[in-house]
Amino acid sequence: MMNHTYKTFFEGDAPKPAGISLGYPVPGPQSASADQIANAAFFASACDWNTVLTETFDFIVVGTGPTGVAFIEESFRLNPKARILVLDRGGFWLPVHYQMLATSFQATGGSPPTTYPWTRTTQMVTTGEKFFQAGYMPIVGGRSSYWSAWCPMPNPDQMRDWPDEVIAVTQQPGFWERAKKFLHVTSMDQIQDGVYGNLQTQLDSNIQQNFRRLVPTAQHAYAAPIAVDIPEWKSVKFFKYSTVGTLFDLYEAQKALAAAGKGTALTMADHCVVDRMIHDGQGSVIALETSRGPLPVGNAKVILSMGAIPPATLLMNSFGDRLPNAGQRYTGHFMSHVTARVRRSAFKDLSSLEIAALYLDGKAANGLQYHVQTSAFSATDPVADAGTIAREAPDAAAVATPAQLGESVEYVVFVCATLGEVSEKNPDNWLRRNGGGDPTTNISLQLTLNSDDYDLWEVLDAATYQNIEAMTAPAGAAAPVVEYWVEQPDGTGKWETTKPPREQIRLNIIVHEASPLWMGTDARTSVVGLDYRPHGVANVYVTGASLFPTCGSWNPTLTMCGLAQDLASRLA
C-alpha cells in the first residue's frame, strides 16, 4: 500500500477535474506551465476571485517585492488573524534568486522580464549623459529575484533633510535588527565558506588602516553587508535572498494556522494589474480598477509596495490635482564602473578561488554622498570555477568577465561600482502624466544632472581609485602596481597601468530611483505624511524609496523594509 507521503507527492493535493485521476478513464491534461503549477498551490483562480470580491480584508497589499512582503510578514507576526489580500501584476517565474540556479539563468536577466512603464523625455534621452532609468520586473517577487542585495545601514547624518520624526523611528531599539533579519543580511567577513576567507580578511584589514588617509572624502569602510544568509540551511552560507520563498512560506504557515483556528489564511492573486483607485471625492478609496475587474475596498487599508515610480503613477492617475506635489521630485543614483587588478603576491595564503566584498561611503564638499561597492576575485582556474564565481559573486551586475579573469590567474581582480546621489534640488527632474491611454504607463520621466551632481561625480571617480589603493596597500607599505581594464577601439579590452578615460567608466544608467512621493509634515512641501499616507488620502499607505526626501548614496532596500515594518506595527 502506498503511504500518505508518497501518495501526496505523486498525486498532489490540488483538486483535479471531474472524471480525471492518474490517467483513468482518460489520459488527462498533457501540459503544465509554471503559472499553472504556482496557481494550483498559492494563487486565487478565476472561481476564487469571485469569492474574493465578497470577502472583507484588513489590508490589500499591491506588490510582492521586499517592502510588500516585509509588511505582510510583520503584520502576521503581530496579528496572525489579520485578513490580507495580495495583488501582483506578474506571474510566477523563479522560486529563488537567479544566482542560486544554474549559471545559464544569467541569460534571463534582460528584457524580458525587464519592463519600462514610462516614457523618457527627449531632453533626458539626448542631452548630458543621455540617461536611461533601470526598469522593473513584473514577476512574483519583482526585482528581488535579480537584485544585487547590498544592504548598508544609513546613520542619521546620511539621511539629509529627512524629517526628524522619521529619523527617530530608525533609531528605535530593534528597527535595524528586525529589517536585517527579514532580509537575512550578513556581513561578508562572516561567511567563511571556503570562498570568502583570507582575501576578505586582508582587504578588510587594509582598508580599515588606510581609508581615512588615502580616501580623504570617505566616512566609513567595512565588509559589505549583503542579503545572503539562510540560517535554516545549516550547510549553506551564501544564498542570495529573494522574497518569493518568504511569501510562499507565509502562505503555507497561515493556511496551517487557519486550519487550527489560530490565524487567517493569506489570499493572493497574480496577473492582477491595478490600473486606478476609485475614491469618493473626499480622499477615501472605495474600489480598485484591476485587470480582473473592479475590486471593492470596503474597510481595508491599501498598501502600495510596487517600487518607486509605479506608486506615483497610480496615485497621480487616481487623485490628480489632490496631490499637486506628486512627481515633482525625482532622484536616484548615477554610477561609475572601474575594473582593476594587482598581483596575488600582494596577499598571503590565498586559496585557488577567493571572493571578497567591501563597502566604502563618503561625501563631497557640497554635502552629496557617494559609495563604492567592491567585488574582488582571485581564481587560478577561472574556467573550472566559473559556476562558483557566478553563484557567489557579491554583485552579479558587477562581476569580472571570463576574459578579465582568464588573463588574471596570477592576480586579484577588483570590480568597483561607485554610486552617487542625484540632488533633489533640481526642478528639471520630475515625473508627469503625459495623456497616454494606459494608466500604468502614461508617465513621462525627466532626469538630468546639475552642477552639484557633476561635482560629486568628480569626487566619486577619484574616490574609486583611492579606494583600490586603500584596499591593496598593507599597513606601512606602498600599494602594489595597479593595472586597469581599458576598452580598445576594436571592442576588446586590455590591462594597462594608465587609468581608463572618463567616458569609459561613467555609465548612462539611473538606479535606485527615489523621491516622487517624498515624506514630510506639510502638505504644501511634501506628498506623504509621517504616517505613510498621502496628504488628504484616508486609506492608502505608501512603502518604498518613493518616500525618501533625499536618496543619499546608500542602497535603499534595508531602509525601505524597515519603514514597511514600522508601517505594519502602526497599523496593527
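Whatever comes next refers back to the structure up there.
Conventions we followed
Residues numbered from 1 in each chain as written. Predicted model: local features only at pLDDT ≥ 70, side-chain atom pairs only at ≥ 80, totals over all residues. Heavy atoms only, no water. Helix = DSSP H or I, 4+ residues; strand = E, 2+ residues; numbered from the N terminus. Rg over C-alpha atoms; globule rule 2.2 N^0.38 Å. Contact = heavy atoms within 4.5 Å. Areas by Shrake-Rupley, 256 points an atom, 1.4 Å probe, with all protein chains shown as cover. Lys, Arg positive; Asp, Glu negative; His and termini not counted. Charge placed at Lys NZ, Arg CZ, Asp CG, Glu CD. Buried < 20%, exposed > 50% of the residue type's maximum accessible area, 1.4 Å probe, protein only. Pairing = 2+ DSSP bridges. Core = buried A, V, L, I, M, F, W, Y, C linked by side-chain atoms within 4.5 Å. Axes fitted to C-alpha atoms, helices over the stretch in contact; angles between N-to-C directions. Polar contact = N/O pair within 3.5 Å; in protein donor to acceptor, adjacent residues only side chain to side chain. Parallel < 35°, antiparallel > 145°, perpendicular 65-115°, else oblique. Left-handed = near helix turned anticlockwise from the far one by under 90°. Disulfide = S-S within 2.5 Å. Arc of directions from axis to C-beta.

Considerations on the overall build of the chain
A tally of helices and strands in the chain yields 15 helices and 22 strands. Relative to its length of 572 residues, the chain is compact, with a C-alpha radius of gyration of 25 Å against a globular reference of 25 Å. Considered along the principal axes of its C-alpha atoms, the chain spans approximately 75 × 70 × 50 Å. Taking as baseline every contact in the chain between residues at least 6 positions apart, the subset at least 24 positions apart corresponds to 75%. Surface accessibility of the chain: about 23,600 Å² in total, with carbon and sulfur atoms responsible for 53%. Seen as two clouds, the 41 positive and the 55 negative side-chain charges of the chain have centres 3 Å apart.

Some thoughts on the pairing of strand β13 (residues 331–343)
Within β13, 11 of the 13 residues are buried, which leaves it mostly tucked inside the rest of the structure. Across two bridges, the pairing between β13 and strand β21 (residues 509–514) is antiparallel. Following the sheet pairing, T331 is matched in β21 by A514. Bridging between β13 and strand β16 (residues 411–421) involves 11 bridges; their strand directions are antiparallel. Note on β16: the bridge partner recorded for F334 is G420. Two elements, β13 and strand β19 (residues 483–487), share two bridges in a ladder whose sense is antiparallel. Following the sheet pairing, A340 is matched in β19 by Y484.

A look at the nonpolar core
Grouped together as the largest cluster of nonpolar side chains are 172 residues, with contacts concentrated most on L87, L183 and M277. Top contributing element to this core by residue count: helix α13 (residues 451–472), with eight residues. Other than its neighbours up to four places away in sequence, L183 contacts W147, C151, A227, Y241, T557, L558 and C561. Counting residues in each nonpolar core, the second largest holds five residues, with L94, Y98, M137 and I139 among its members.

Regarding the sheet that holds strand β10 (residues 285–290)
If you walk across this open sheet you meet the three strands as β9-β10-β11, and the pairing is antiparallel. At either end of the open sheet lies a strand with only one pairing partner, and these are β9 (274–279) and β11 (293–296). The sheet shows a mean angle of 25 degrees between the axes of neighbouring strands, direction not considered. Here four bridges tie β10 to β11, and the two strands are oriented antiparallel to one another. Bridged to A287 within β11 is P296. Those strands touched by helix α10 (residues 309–319) are β9 and β10, and its axis lies near 40 degrees from that of β9.

Some points on the side chain of S553
In this structure, S553 sits in the loop between β22 (540–542) and α15 (557–571). Residue S553 is classed as buried on the basis of its relative accessible area of 1%. Within the structure, S553 has its side chain in polar contact with the backbone oxygen of Y370 (distance 3.1 Å). The contacts of S553, once residues within four sequence positions are left out, are H333, Q369, Y370, H371, L419 and E421.

Description of the packing of helix α8 (residues 198–214) against α13
The packing of two helices is summarised by the inter-axis angle and the distance between the axes. Contact geometry of α8 with α13 gives a least axis separation of 6 Å together with a crossing angle of 130 degrees. By the angle between their directions, the pair α8 and α13 is classed as oblique. Crossing of α8 over α13 shows right-handed handedness. Contacts between α8 and α13 involve L203, N206, I207, N210, F211 and L214 on the former and, on the latter, Q466, N467, E469, A470, M471 and T472.

Thoughts on the state of the cysteines
Simply put, the disulfide is a covalent bond whose two ends are the sulfur atoms of two cysteines. One pass over the structure, following the stated rule, counts zero disulfides. Just so you know, C416 is unpaired, no disulfide at all, and the nearest cysteine sulfur is the one on C151, 19 Å from it. You can see C551 has no disulfide; the closest cysteine sulfur is in C151, sitting 16 Å from it. Assessed through its relative accessible area of 2%, C551 is described here as buried.

Remarks on the environment of M335
Within the secondary structure, M335 is located in strand β13. A residue is classified by how much of its surface remains accessible, and M335, at 13% relative accessible area, is buried. In this structure the C-alpha to C-alpha distance between M335 and L460, which are 125 residues apart in sequence, comes to 9.0 Å. Leave out the neighbours within four places in its chain, and M335 touches A417, T418, L419, W457, I505, R506, L507, I509 and V511.

Quick word on the side chain of T246
Secondary-structure assignment places T246 in helix α9 (residues 243–259). Of the residues examined, T246 reaches a relative accessible area of 13% and is grouped as buried. A distance of 2.7 Å separates the side chain of T246 from the side chain of Y241, its partner in a polar contact. Apart from residues no more than four positions distant in its own chain, T246 is found in contact with V69, E73, F182 and Y241.

Digging into the environment of V338
Within the secondary structure, V338 is located in strand β13. Residue V338 is classed as buried on the basis of its relative accessible area of 2%. Between the C-alpha atom of V338 and that of D461, which follows or precedes it by 123 residues, the distance is 8.9 Å.

Here we look at helix α7 (residues 175–183)
Those residues of α7 lying buried are F175, W176, A179, F182 and L183. One side of α7 carries all its buried residues, which in axial view fall inside an arc of 125 degrees. Facing away from the buried side of α7 by more than 90 degrees, the exposed set consists of E177 and K181. Within two residues after α7, H184 carries a phi angle of roughly 60 degrees, on the positive side.

Here's the deal with the sheet that holds β22
Ordered in space as β8-β2-β1-β12-β22, the five strands form an open sheet in which the pairing is parallel. Both outer strands of the open sheet, β8 (267–269) and β22, are each paired with one neighbouring strand and no more. Mean inter-strand twist for the sheet, computed between neighbouring axes without regard to direction, equals 20 degrees. Two elements, strand β1 (residues 59–62) and strand β2 (residues 84–87), share four bridges in a ladder whose sense is parallel. Its bridge partner lying in β2, F59 is registered against I84.

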